[in-house]
Amino acid sequence: MNQNKLFRLTRIRLALYYAIVMGLILSIFAFGFYRAVFHAHVVALDSEIESVAGTLHDSIELKLQSPGRLEPLAHQLFPNIDKCGTGATNCIQQQPDSKRHLLGIVTKSSYYIRFFDTSGKLIATAGYHPEGLPDVFNQKTWQFLKDSKGKDYHQITLALHTQNYQDWGYMQVGRSLQEFNHYLDSVKLVSVLGLLIAMVMIASASWWLSGLAMQPIYQSYRQIQQFTADVAHELRTPLAATGATVESALLMSQIDEEETRDILQTIQRQNQRLTTLVVDLLMLARLDKQAQKLQRENCCLNDIVSDLVEEFEAMAAAAGVKLTSLIQVEQPVDIMGNSDQLYRLFSNLIVNAIQYTPTGREVTVLLERNDYNAIIKVQDTGIGIPKHELTQIFHRFYRVSSDRSRSTGGSGLGLAIVQAIVHSHHGSIDVQSELGKGSTFTIKLPFNARPINSVHSISIWKMLYKSSRK
Ligand code: ADP
């Protein structure tokens, strides 16, 4: 699959998953909110019905004298009470009593009251008249009912007693839920609309976030692509040189000893170049992986610096460069680290300094310290590095000027390795340079560093180093 398509698909998938998860979470919240509103209203409604029913019950009970008989006084309490025969349909509508009544709440259109005798027969109704409400008596305290038009009611049933504590019958007080249902419908509508708007916002946010999340992966993929192309390019050069040498040798009808030696030397040189490149790549890969624990040991930087200066004196002399060390500490500077890596680190810097310093000038390696760090400076008086390229020189395969560097035979991995080793020792590297005047690479290595990776290839590299590199 085309890589761009793969990235796009992954981004879509990521955005979708994110939107689904967020949508689910929001839906749960919206449902919870709706239930909370519903519950709060049911509780408020129940206590309203309860208090209305309680007030009516207490006002009526004192005036009831004989079971199943509504005293005329009830008419004063309920202005529109209807007496019933065998069922609700037989209730005779009475003219509203013009006299003042005591319980104004039942005149509200949402409340009805029904009276049943002890046998469950409907005696009278008052207040609001729901059409076709079932009149079969049910003793359950709280009930939800529906009338013939499908309207909902919530009803409470209370027992009534006469003045001398005889069972009189029952009173049911019910309230229409129309208002309540309208309110809940509007809450539902607002929740659903809110959820839809939130989902649209989440969808765009998740698209944007997935883009952000993909960016480093995409960048790293591009880097790997570039790296692979660079590696292939670097490997091709010595392979092509070897191939061409062998090919031209095969075309010769006769080869004398001197020519054979020349050919073999060319092949050996290219082979060494290939080996160095592969070892460098292996080292970087291992430094990247940071999988193995670094074998730490006490490393005396004074010894490492003196050793390396001694080792590279001949190379510097051959290039007409004066190489010196300046150890500005009286006590030995010891750090916990990997000596193979530290040798590699400083030798890369010293070799670069010698290579990029013209004949007759100097390279100095300084060793200093402060309370927390050992400080090593590799200072040259060479060609310098342009300011805008100072950060890029640590990138893999990067060369300031391909032509200039190619003449040194470097692959552009030297400083990348230096930086990786410094990081594995929890140190820092800084470079200052002025074109034509020289460069100073400053490395700070903390005394209490806990490096994390080990590179076994360094010993091999050390063997190969002197003969092959630069
Ligand atoms: P190379 O193998 O090409 O030397 P490095 O990673 O060691 O690769 O260095 C990267 C680039 O940085 C080199 O191509 C070189 O141009 C520049 N460079 C490194 N050290 C110095 C220095 N001391 N003076 C000037 N240029 C330098």
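The structure we're discussing is the one just above.
J.: For this particular structure, what's the right way to read the overall build of the protein chain?
T.: Along the backbone of the protein chain there are 9 helices and 13 strands. Among the 470 residues that make up the protein chain, the fraction classed as buried is 41%. For the protein chain, the accessible surface area stands at approximately 26100 Å², while carbon and sulfur atoms represent 56% of it.

J.: What is the right way to look at the packing of aromatic side chains in this model?
T.: Two aromatic rings are characterised by how far apart their centres lie and by the angle between their planes. With the rule as written, the count across this model stands at 10 aromatic pairs. A network of ring pairs unites the aromatic residues Phe-7, Tyr-218 and Tyr-221 as a single cluster. In this arrangement the basic side chain of Arg-11 is found over the ring face of Trp-207, its NZ or CZ atom lying 4.0 Å from the centre. Here Arg-396 stacks its cationic end above the ring of Phe-227, 5.7 Å away from the centre of that ring.

J.: Even after reading the chapter, I still don't get helix 3 (residues 178-251), so can you show me in this structure?
T.: Helical geometry: 3.6 residues make up each α-helical turn, so side chains three or four residues apart lie on a common side. An ideal rise of 1.5 Å per residue puts 110 Å on 74 residues; helix 3 measures up with 104 Å between its terminal C-alpha atoms. The largest bend along helix 3 measures about 30° and falls at Met-214, with the proline Pro-216 one to four residues further on.

J.: When you look at the pairing of strand 5 (residues 152-161) in this model, what are you seeing that I'm missing?
T.: Put simply, side chains in a regular strand alternate between the two faces of the sheet. Pairing of strand 4 (residues 142-146) with strand 5, which is carried by 5 bridges, proceeds in the antiparallel orientation. Its bridge partner being in strand 5, Phe-144 is matched across the sheet by His-154. In terms of strand pairing, strand 5 meets strand 6 (residues 167-176) through 9 bridges, oriented antiparallel. Residue pairing across strands places Gln-155 opposite Gly-174, the latter belonging to strand 6.

J.: What should I look at first to understand the packing of helix 6 (residues 339-355) against helix 8 (residues 414-424) in this one?
T.: Packed helices, taken two at a time, are described by their axes: the angle between them and the distance between them. Put simply, helix 6 and helix 8 touch, their axes get as near as 9 Å, and they point 145° apart. Crossing handedness for the pair helix 6 and helix 8: left-handed. Where helix 6 approaches helix 8, its residues Gln-341, Arg-344, Leu-345, Asn-348, Leu-349 and Asn-352 are matched on the opposing element by Gly-414, Leu-415, Ile-417, Val-418, Ile-421, Val-422 and Ser-424. Along the lines of polarity and charge, the residues of the contact of helix 6 with helix 8 split into 7 nonpolar, 5 polar and 1 charged.

Cut-offs applied
Residues numbered from 1 in each chain as written. Predicted model: local features only at pLDDT ≥ 70, side-chain atom pairs only at ≥ 80, totals over all residues. Heavy atoms only, no water. Helix = DSSP H or I, 4+ residues; strand = E, 2+ residues; numbered from the N terminus. Buried < 20%, exposed > 50% of the residue type's maximum accessible area, 1.4 Å probe, protein only. Areas by Shrake-Rupley, 256 points an atom, 1.4 Å probe, with all protein chains shown as cover. Phe/Tyr/Trp six-rings, centres within 6.5 Å; stacked < 30°, edge-to-face > 60°. Lys NZ or Arg CZ within 6 Å of the ring centre and 35° of its normal. Expected span 1.5 Å × (residues − 1). Bend = angle between axes of the 7 residues up to and from the residue. Pairing = 2+ DSSP bridges. Axes fitted to C-alpha atoms, helices over the stretch in contact; angles between N-to-C directions. Left-handed = near helix turned anticlockwise from the far one by under 90°. Contact = heavy atoms within 4.5 Å. Nonpolar A, V, L, I, M, F, W, Y, C, P; charged D, E, K, R; others polar.

In short, shape yes, function no, at least from these values alone.
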